Amino acid sequence: MPPRTRMLAVAAAIGAIGGSSLLVAPPAAAEVEPGGWTSVSPTFTEQERGCGQIDGLTFRLTCSTASGDQRAERRYATYTGGTRQFEGYFRITSLSGTRISLKQTFNESAAGPFFMLAAERGGRLYAVHGGATLSNAGTVGAQVRVNTVHVVGSQHRTYINGSLQHTYASPGGSFYDKFGAYRTNSGNGPATVEWSGIRFWRK
């Protein structure tokens, strides 16, 4: 399938309910590390590459290809400086493959991923860079809440189901958030991931 990119200017609240296949809304949850946050609604593009397919907030890799660019993702607007928080819920509804990236914080200044949260078949959630295990909550059918708090030029923190699981030193520069389903260098599909409850804050 040829690459396709569509610019959509939508609020995060609209994106949170855009997946028609989702039958149950995620539970209401406040941002982690409360205090002083302002809700924001960044614009995004959709990226379908290789066998990646997007339907609302459902992201699929339909092939088992273990090479090339296989992705179905939302890429949000670039930010620089300050502190940013992402929140989203994902549910892996099928995973015949393994090592699929779910959420990325991308370092635009360095032209590469800065932090990638990925899932292995069996439910292990891990940081692609460094390989640290964050949780074993990513089993097929389970709903998982992800929050990332990024203090640009200082630290990036990742919470799974409200619990801090990973910290990572951060350089300065320009960054953006991505989520969906993306084949890592050592991974392959097929995979289907449903996202919901997407929200952003800054301070």
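This is a predicted model, so every value here is computed, not measured.

Chemist: Teacher, can you tell me more about the packing of aromatic side chains here?
Modeler: Each aromatic ring pair is characterised by the separation of its centres together with the angle its planes make. Counted by the stated rule, this structure contains 13 aromatic pairs. Relative to phenylalanine 179, the ring of tyrosine 76 has its centre 5.8 Å away and its plane inclined at 25°; by these criteria the two rings are stacked. Here phenylalanine 179 lies in strand E16 (residues 174-188) and tyrosine 76 lies in strand E6 (residues 71-76), a separation of 103 residues in the sequence. The pair formed by tyrosine 76 and phenylalanine 179 is uniform in burial state, with each residue classed as buried. The ring centre of tyrosine 176 lies 3.5 Å from the NZ or CZ of arginine 75, which sits over that ring. The cationic tip of lysine 103 hangs over the ring face of phenylalanine 86; the distance from NZ or CZ to the ring centre is 5.0 Å.

Chemist: What should I look at first to understand the pattern of salt bridges in this one?
Modeler: Opposite charge on two side chains permits pairing when their charged atoms draw close. Evaluation of the coordinates by the stated rule reveals 11 salt bridges. The partner of arginine 157 in a salt bridge is glutamate 33, and the shortest N-O contact between them spans 2.7 Å. Taken together, the positions of arginine 157 in strand E14 (residues 155-160) and glutamate 33 in the loop between helix H1 (12-16) and strand E2 (38-40) put the pair 124 residues apart, joining distant regions of the chain. Put simply, aspartate 69 and arginine 71 hold a salt bridge, and the shortest N to O gap is 2.9 Å. Bridged by salt links that share partners, the residues Arg49, Asp69, Arg71, Glu73 and Lys178 form one connected network.

Chemist: Which parts of the structure should I look at to understand the pairing of strand E4 (residues 52-55)?
Modeler: For a regular strand, side chains alternate in direction, first toward one face of the sheet and then toward the other. Burial along E4 is one-sided: the residues Gly52 and Ile54 are buried and none of Gln53 and Asp55 is. Pairing geometry for E4 and strand E5 (residues 58-61), over four bridges, is antiparallel. The residue of E5 that forms the bridge with glycine 52 is leucine 61. A loop of two residues connects E4 with E5, the two strands running antiparallel in sequence, and glycine 56 in this loop sits at a positive phi of about 65°.

Chemist: How should I be thinking about the pairing of strand E9 (residues 98-107) in this particular structure?
Modeler: Most of E9 is tucked away: nine of the 10 residues are buried. As defined by bridge partners, E9 adjoins E16 across eight bridges and the pair is classed as antiparallel. Residue pairing in the sheet places threonine 105 in a bridge with aspartate 177 of E16. Both E9 and strand E10 (residues 112-119) contribute to a ladder of seven bridges, which runs antiparallel. Residue pairing in the sheet places isoleucine 100 in a bridge with alanine 119 of E10. Between the antiparallel neighbours E9 and E10 lie four residues, among them alanine 111 with a positive phi of about 55°.

Chemist: In this structure, what is going on with the state of the cysteines? I would like to understand it.
Modeler: Structurally, a disulfide amounts to a covalent bond that connects the sulfur atoms of two cysteines. Inspection of every chain in the model, using the stated rule, returns one disulfide. Paired through a disulfide, cysteine 51 and cysteine 63 show a sulfur-sulfur distance of 2.2 Å. Across the disulfide from cysteine 51 to cysteine 63, rotation about the S-S bond amounts to roughly -65°, and the bridge is consequently left-handed. Within this pair, whereas cysteine 51 is found in the loop between strand E3 (44-49) and E4, its partner cysteine 63 is found in the loop between E5 and E6, the two being separated by 12 residues in sequence.

Chemist: Looking at this structure, I do not really get the side chain of serine 174. What am I missing?
Modeler: As for its position among the elements, serine 174 is in strand E16. The residues touching serine 174, leaving out its near neighbours within four places in the chain, are Thr78, Tyr79, Thr80, Phe106, Asn107, Glu108 and Ser109.

Chemist: It is not clear to me how unusual backbone geometry should be interpreted in this structure. Could you clarify?
Modeler: A negative phi angle is the norm for most residues apart from glycine, just as the trans form is the norm for most peptide bonds. Residue glycine 189 is joined to proline 190 through a cis peptide bond whose omega torsion reads 0°. Summarising the element assignment, proline 190 is placed in the loop between E16 and strand E17 (191-202). In the Ramachandran plot, arginine 99 falls in the positive-phi region, its phi being about 55° despite a non-glycine side chain. If you trace the backbone, arginine 99 turns up in strand E9. The class of arginine 99 is partly exposed, set by a relative accessible area of 23%. Phi is positive for asparagine 161, which is not a glycine, with a value near 50°. One can find asparagine 161 in the loop between E14 and strand E15 (163-169). For asparagine 161, a relative accessible area of 45% translates into the label partly exposed.

Calculation notes
- Residues numbered from 1 in each chain as written.
- Predicted model: local features only at pLDDT ≥ 70, side-chain atom pairs only at ≥ 80, totals over all residues.
- Heavy atoms only, no water.
- Phe/Tyr/Trp six-rings, centres within 6.5 Å; stacked < 30°, edge-to-face > 60°.
- Helix = DSSP H or I, 4+ residues; strand = E, 2+ residues; numbered from the N terminus.
- Buried < 20%, exposed > 50% of the residue type's maximum accessible area, 1.4 Å probe, protein only.
- Lys NZ or Arg CZ within 6 Å of the ring centre and 35° of its normal.
- Salt bridge = Lys/Arg side-chain N within 4 Å of Asp/Glu carboxyl O.
- Pairing = 2+ DSSP bridges.
- Disulfide = S-S within 2.5 Å.
- Contact = heavy atoms within 4.5 Å.

Everything listed here is a matter of coordinates, which is why it stays silent on function.
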